[in-house]
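Coordinates in review
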Amino acid sequence: MTMTLEAVRPITLAEVQMARVRIAGAVAHTPLVRLDLGPGYPDIRLKLENLQPTNSYKLRGAINAVALLSEDERKRGVWTISAGNAGQGVAYAARRAGVPCTVLALETAPASKLERIRALGAKLILVSLDVAWKVLAERSYAEVEGTFVHPFDNHNFIAGHATMGLEIVEDAPDAVTVVAGIGGGGLITGLGSALKALKPTIKVWGVEPETAAPAALSFAKESPQEFRGWKQSFVDGAGARAVFPRMWERMRPVVDGSIVVSLEETQQAMRSIAEKARVIVEGAAALSVAAAMTGRAGAGPIVAVVSGGNIDLEKFCELVVPSK
């Protein structure tokens, strides 16, 4: 079945401001905390989205997207596909709106993310990465009925994420650079849409792990690319196999590029955040800090988006405690 999709269009500042009002009762205005690493490091501020009710920024987009569904769409129920954080966000938003929800989740997703999805009352279906990638592209799955809420290629989802940009400009008006991990591209597109509208001179950089960096390749070649050397890693919430053409169309006008960091640099960032700020973050959330710590995002002031903290504690300890 061929699905007619809404044409890609810019996220307007008015839409972001309306989304902020719409989600205010469910989403926190998260704090900015300075990461003091000592002499020789850039001026880094952490935007702590791990402090949202679902411990991830995805709640912003989910609340906005579900709120804007028609009554008929709500009656049909909603479903999404996720590595974990989008699933929690949509499940939370659906429960709040009294709407049935199903989440297709990666069978390799951390147990903590899967447990939270179940606890939020959603029906959970585990699928392989290959199946998930096919569903993201085709927007259908034979075993599920209802309204599909795409976890990144959804205008209202992205407008919800963009509300974070409003908070950053208010809380860090001196910021010259904002960095955030790139998975599907919804977060960085939302950030760029709001930040460039309010402060056109600000730099907005995505960050990807070296094992999965299709956005960096896309910016280098100036077209949406597949990352042929893709490898799975503990950075499960970012680093896609490819950039969808529609997401490239959304991202390109409002994002300056994508920085690539190593897995070792990402682990070091996780360790530094824990040691200096006493904050637990997942791999994808540490990408921004890794880019800032290495100096690749400039001297600052830099706002590094800490996108989530949903990681199994055993895995976190394994990653941040140096082996003896």
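Only a predicted model underlies this, so the values are computations on that prediction, with no experimental measurement involved.

Moving on, we get to the overall build of the protein chain. Along the protein chain, the regular secondary structure elements total 13 helices and 10 strands. A globule of 324 residues ought to have a C-alpha radius of gyration of about 20 Å, and the protein chain, at 18 Å, matches this closely. Taken across its 324 residues, the protein chain has 58% of its residues classed as buried. Long-range contacts, defined as pairs at least 24 residues apart, comprise 72% of the intrachain contacts of the protein chain with a sequence gap of at least 6. As presented, the protein chain carries roughly 13400 Å² of accessible surface, and 52% of it is formed by carbon and sulfur atoms. Across the protein chain, 35 positive and 33 negative side-chain charges occur, with their mean positions spaced 2 Å apart.

Further remarks concern the pairing of strand S8 (residues 203-209). Of all 7 residues that make up S8, 5 are buried, and the element is covered over most of its length. Pairing of strand S7 (residues 177-181) with S8, which is carried by 5 bridges, proceeds in the parallel orientation. When the bridges of S8 are listed, Gly 181 appears paired with Val 207. Relative to strand S9 (residues 257-261), S8 is paired through 5 bridges, and the arrangement is parallel. Among the inter-strand pairings, Gly 206 is bridged to a residue of S9, identified as Ser 258.

Moving on to the packing of aromatic side chains. Applying the stated rule across the entire model yields 4 aromatic pairs. Judged by centre distance (5.5 Å) and plane angle (70 degrees), the ring pair of Phe 152 and Phe 244 falls under edge-to-face. In this pair, Phe 152 sits in the loop between strand S6 (147-148) and helix H7 (155-171) while Phe 244 sits in the loop between helix H9 (214-221) and helix H10 (245-251), placing the two residues 92 residues apart along the sequence. Judged by its relative accessible area of 10%, Phe 152 is buried. Their ring planes at 70 degrees and their centres at 4.9 Å tell us that Phe 219 and Trp 248 sit as a pair that is edge-to-face. One end of the pair, Phe 219, is in helix H9; the other, Trp 248, is in helix H10, with 29 residues separating them in the sequence. Among the residues examined, Phe 219 registers a relative accessible area of 18% and is labelled buried. Judged by its relative accessible area of 5%, Trp 248 is buried. In textbook terms, an aromatic cluster arises when at least three aromatic residues are bridged by ring pairs, as seen for Trp 133, Phe 152 and Phe 244. Lying across the ring of Tyr 92, Arg 95 places its NZ or CZ 5.9 Å from the centre. Over the ring of Trp 230 we find Arg 241, and its NZ or CZ is 5.1 Å from the ring centre.

As for its placement among the helices and strands, Thr 54 is situated in the loop between strand S2 (44-48) and helix H2 (58-67). Not counting residues within four places of it along the chain, the set of residues in contact with Thr 54 comprises Leu 59, Gln 88, Tyr 92, Arg 116 and Asn 310.

Turning our eyes to something else, we now look at the pattern of salt bridges. Counting across every chain of the model gives 21 salt bridges. The residue Asp 43 makes a salt bridge to Arg 34 at a minimum N-O spacing of 2.6 Å. Given a relative accessible area of 23%, Asp 43 falls into the partly exposed group. Using a relative accessible area of 48% as the deciding quantity, one classes Arg 34 as partly exposed. Of the charged contacts, one joins Asp 43 and Arg 45 as a salt bridge, the two residues approaching to 2.8 Å between their closest N and O atoms. Judged by relative accessible area, which is 10%, Arg 45 ranks as buried. What emerges from the salt-bridge pattern is a single network uniting Arg 34, Asp 43, Arg 45 and Asp 174.

Inspection of the sheet shows strand S4 (residues 101-106) paired to strand S5 (residues 123-127) by 5 bridges, in the parallel sense. Among the inter-strand pairings, Val 103 is bridged to a residue of S5, identified as Leu 124. In the classification by handedness, the crossover that spans S4, the intervening helix H5 (residues 111-119) and the parallel S5 is right-handed.

What counts and how
- Residues numbered from 1 in each chain as written.
- Predicted model: local features only at pLDDT ≥ 70, side-chain atom pairs only at ≥ 80, totals over all residues.
- Heavy atoms only, no water.
- Helix = DSSP H or I, 4+ residues; strand = E, 2+ residues; numbered from the N terminus.
- Rg over C-alpha atoms; globule rule 2.2 N^0.38 Å.
- Buried < 20%, exposed > 50% of the residue type's maximum accessible area, 1.4 Å probe, protein only.
- Contact = heavy atoms within 4.5 Å.
- Areas by Shrake-Rupley, 256 points an atom, 1.4 Å probe, with all protein chains shown as cover.
- Lys, Arg positive; Asp, Glu negative; His and termini not counted.
- Charge placed at Lys NZ, Arg CZ, Asp CG, Glu CD.
- Pairing = 2+ DSSP bridges.
- Phe/Tyr/Trp six-rings, centres within 6.5 Å; stacked < 30°, edge-to-face > 60°.
- Lys NZ or Arg CZ within 6 Å of the ring centre and 35° of its normal.
- Salt bridge = Lys/Arg side-chain N within 4 Å of Asp/Glu carboxyl O.
- Right-handed = clockwise from strand over helix to strand, strands pointing away.

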